[in-house]
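# Breakdown of the fold
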Amino acid sequence: MPAVQDDEWVVAESYPIKEMEANGVTPKWLEGKWLNVAEDMALIPENNVRVIEDNGVCRVEVSMYLMECMRGF
């Protein structure tokens, strides 16, 4: 599988970090959830999931390959 290019990422989930912390959820936990999904889809997790924390928001981005698997393509 080729490397994921900058324009091949899709936002899977996005939450305010304060809201996450209030509910006992960490960015690391959210990342782990998506890494497991990538592994279940027989993709290399570290190449298909990334977490970005910016301006108080935690955003999980997944590769288009993973999103297409999730959509059944």
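Reading guide: rules and limits
Residues numbered from 1 in each chain as written. Predicted model: local features only at pLDDT ≥ 70, side-chain atom pairs only at ≥ 80, totals over all residues. Heavy atoms only, no water. Buried < 20%, exposed > 50% of the residue type's maximum accessible area, 1.4 Å probe, protein only. Helix = DSSP H or I, 4+ residues; strand = E, 2+ residues; numbered from the N terminus. Pairing = 2+ DSSP bridges. Core = buried A, V, L, I, M, F, W, Y, C linked by side-chain atoms within 4.5 Å. Contact = heavy atoms within 4.5 Å. Expected span 1.5 Å × (residues − 1). Lys, Arg positive; Asp, Glu negative; His and termini not counted. Salt bridge = Lys/Arg side-chain N within 4 Å of Asp/Glu carboxyl O.

It is worth spelling out the pairing of strand β3 (residues 57-63) at this point. The buried count for β3 comes to 5 of 7 residues, which makes it a mostly enclosed element. Here 7 bridges tie strand β1 (residues 9-16) to β3, and the two strands are oriented antiparallel to one another. Bridge pairing in β3 places Pro16 opposite Val57. Bridging between strand β2 (residues 49-54) and β3 involves 6 bridges; their strand directions are antiparallel. Note on β3: the bridge partner recorded for Val49 is Val62. Linking β2 back to β3 in an antiparallel pair, the connection comprises 2 residues, with Asn55 at a positive phi of about 50 degrees.

With 12 residues, the main nonpolar core is built from Ile17, Met20, Leu30, Trp34, Ala38, Leu43, Val49, Cys58, Val60, Val62, Leu66 and Met67. Breaking this core down by element, the ones donating at least two residues are α1 (17-22), α2 (27-40), β3 and α4 (64-71). Every residue in contact with Val60, bar those within four places of it in the chain, is listed here: Val10, Val11, Ala12, Glu13, Leu30, Trp34, Val49, Arg50 and Val51.

Another aspect to go through is α2. Each α-helix turn comprises 3.6 residues. Residues three or four places apart therefore point the same way. In this model, α2 (14 residues) spans 20 Å end to end at C-alpha, consistent with the 20 Å of a helix rising 1.5 Å per residue. Trailing α2 by a residue or two, Ala42 shows a phi angle of about 65 degrees, which is positive.

What follows concerns the side chain of Glu8. Locating Glu8 in the fold gives a position in the segment before β1. Despite being buried, Glu8 has no salt bridge partner; Arg50 is the closest side chain of opposite charge, sitting 9.9 Å away. Discounting residues that sit within four places of it in the chain, Glu8 has contacts with Ala3, Val62, Ser63, Met64 and Tyr65.

Inspection of the entire model under this criterion finds 4 salt bridges. One salt bridge in this structure joins Glu31 and Lys28, with 3.3 Å as the shortest N-O distance. Note that Glu31 and Lys28 are positioned in helix α2 at a spacing of 3 residues, about one turn of the helix. In this structure Lys28 comes out as exposed when scored by relative accessible area, which is 62%. The structure contains a network of salt bridges with shared partners spanning Arg50, Arg59 and Glu61.

These figures capture arrangement, not role.
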